[in-house]
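Examining the three-dimensional arrangement
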Amino acid sequence: MADLRTRYLGLELPSPLVASSSPLTGTLEGLGRLEAAGAGAVVLPSLFEEDLAEEAREVDALLATGATGAEARAGHPEQAGYGAGPAAYLSLVERAKARLSIPVIASLNGISRGGWVRNAARLEQAGADALELNVYYVSSSPAQSGSEVEWRYLDIVGAVRQAAGIPLAVKLSPYFSSVTNMAGQLVEAGVDGLVLFNRFYQPDLDVETLQVVPSLELSTSAELRLPVRWIAILYRRLGVSLAASTGVHTAEDVLKVLLAGADVATMTSALLRNGPDHLSHVEALLRDWLDRHGHESVDRVRGRLSQRSVPDPAAFERANYLKVLASRSPR
Ligand SMILES: Cc1cc2nc3c(=O)[nH]c(=O)nc-3n(C[C@H](O)[C@H](O)[C@H](O)COP(=O)(O)O)c2cc1C
């Protein structure tokens, strides 16, 4: 049977299939189901910068009632993340570590270097095996330059790096002018891995009510080509782990990101749509492909179609552009 063991962020994973941040990873029950279905690691939903306000409210409540920390924590909802507050989050990290044998990666989500960053140290103390940092920042000011936005990322990474010693991955936006340069700067700032890419949610407009409405559409496999291209380009250039995020739904998708050079393939939409057991289905098909092609491990296929391995490296850049456009001309 093919060996699926994978190294990611210096951690040993039994499989390259990782459940990325979502409500599914926010409960102990969901985490247990994901591990049973074959997840190689889990990334918890994010603890948000905005959760600090929640924490301040908790402290006020504690002062008012005189409740102990344990009592206050016991009152927290089963679901962590999405505004449930730091106490519920830390409790989930502790309980997940006690129950699961796969690595538990905590996630921080914020856009400034404020006091919230100290949560990195608390997550490390709670037992998180690694941290994923998601800087979900949308710059709408014409006065703010691209380098200022980059500096914001680097500033937060520096602060989190100082606060905690566990491996750190950054979930990157695909919208940098130079993804490779930004990736290099993040590595210099001390990250151990890059998650390519964060998926921004675009608000929609309701033409009847004339309102801006939040819309959360799950991804499809059609979105996979963005991470495939950049993983293929970055493979073995920076000496850090690479995780694919956005558009991984099927075993074929997993194979594509592995062939491009990803260490792990992370999934959210596919698991929300099909349930945690989807992982075991994907794993069976992945094993089947490896057997049929005579590969005894996932390590043997990783990076085989990366930019440095293919006969035509320019295929990942501008080459073929004209050919592809011309192929759509009416005959
Ligand atoms: C309902 C939902 C909740 C999510 N919550 C988080 C989160 O808390 N933190 C985070 O970094 N990403 C979050 N994401 C983004 C996913 O982790 C993932 O990066 C994104 O959905 C793209 O992957 P996919 O194509 O497999 O869905 C969320 C996505 C969805 C659909």
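Our structure is the block above this text.
Anyway, here's the lowdown on the structure attached to this text. Small disclaimer: the values here were computed from a predicted structure and weren't measured.

Another aspect to go through is the side chain of asparagine 134. Of note, asparagine 134 is situated in strand 6 (residues 130–134). Exposure remark for asparagine 134: the relative accessible area of 5% places this residue in the buried category.

Turning our attention to the site of the ligand. Around the ligand, the structure places 22 residues, and the nearest of them are Ser46, Tyr82, Asn134, Ser219 and Ser269. Here lysine 171 contributes a side-chain N or O atom positioned 2.8 Å from an oxygen atom of the ligand. Considering the ligand on its own, with 610 Å² of exposed area, one finds that the protein chains cover 93% of that surface. Element by element, the count of residues in the shell around the ligand is highest for strand 4 (residues 41–48), at three residues. Its residues placed into classes, the shell around the ligand shows nine nonpolar, eleven polar and two charged.

To continue, consider the packing of helix 6 (residues 146–163) against helix 7 (residues 179–188). Working note: a packed helix pair is described by the angle between its axes plus the distance between those axes. Contact pair helix 6 / helix 7: the axes reach a minimum separation of 10 Å and the direction vectors enclose 25 degrees. Taken together, the axis directions place helix 6 and helix 7 in an arrangement best described as roughly parallel. The crossing of helix 6 and helix 7 is right-handed. Contacts between helix 6 and helix 7 involve Glu150, Tyr153, Leu154 and Val157 from the former and Asn181, Met182, Gln185 and Leu186 from the latter. Taken together, the residues of the contact of helix 6 with helix 7 break down into five nonpolar, two polar and one charged.

Here the residue pair leucine 196 and phenylalanine 197 is connected by a cis peptide bond, since its omega of 10 degrees sits within 30 degrees of zero. Looking at the secondary structure, you find phenylalanine 197 in the loop between strand 8 (193–196) and strand 9 (204–206). In the Ramachandran plot, leucine 9 falls in the positive-phi region, its phi being about 55 degrees despite a non-glycine side chain. With respect to the element layout, leucine 9 can be found in the loop between strand 1 (6–8) and strand 2 (11–13). Looking at leucine 9, the relative accessible area reads 5%, which means it is buried. Phi is positive for threonine 246, which is not a glycine, with a value near 100 degrees. Within the fold, threonine 246 resides in the loop between strand 11 (241–244) and helix 9 (251–260). Residue classification places threonine 246 among the buried positions, given a relative accessible area of 13%.

It is worth spelling out the nonpolar core at this point. Core analysis: the biggest nonpolar cluster contains 86 residues, and Val42, Leu123, Leu131, Leu133, Leu186, Val254 and Met267 have the highest contact counts within it. The contact partners of valine 42, leaving out residues within four places of it in the chain, are Ala19, Leu31, Leu34, Leu100, Ile102, Pro103, Val104 and Ile105. Among the nonpolar cores identified, the runner-up in size contains 13 residues, and Tyr8, Val43, Ile105 and Val195 belong to it.

For helix 8 (residues 225–234), the complete set of buried residues consists of Pro227, Val228, Ile231, Ala232, Ile233 and Leu234. Contacts made by the buried residues of helix 8 are with helix 7, strand 8, strand 11 and helix 9. In the stretch just after helix 8, arginine 236 is the one whose phi turns positive, near 60 degrees.

What counts and how
Residues numbered from 1 in each chain as written. Predicted model: local features only at pLDDT ≥ 70, side-chain atom pairs only at ≥ 80, totals over all residues. Heavy atoms only, no water. Helix = DSSP H or I, 4+ residues; strand = E, 2+ residues; numbered from the N terminus. Buried < 20%, exposed > 50% of the residue type's maximum accessible area, 1.4 Å probe, protein only. Near = heavy atom within 4 Å. Polar contact = N/O pair within 3.5 Å; in protein donor to acceptor, adjacent residues only side chain to side chain. Areas by Shrake-Rupley, 256 points an atom, 1.4 Å probe, with all protein chains shown as cover. Nonpolar A, V, L, I, M, F, W, Y, C, P; charged D, E, K, R; others polar. Axes fitted to C-alpha atoms, helices over the stretch in contact; angles between N-to-C directions. Parallel < 35°, antiparallel > 145°, perpendicular 65-115°, else oblique. Left-handed = near helix turned anticlockwise from the far one by under 90°. Contact = heavy atoms within 4.5 Å. Core = buried A, V, L, I, M, F, W, Y, C linked by side-chain atoms within 4.5 Å.

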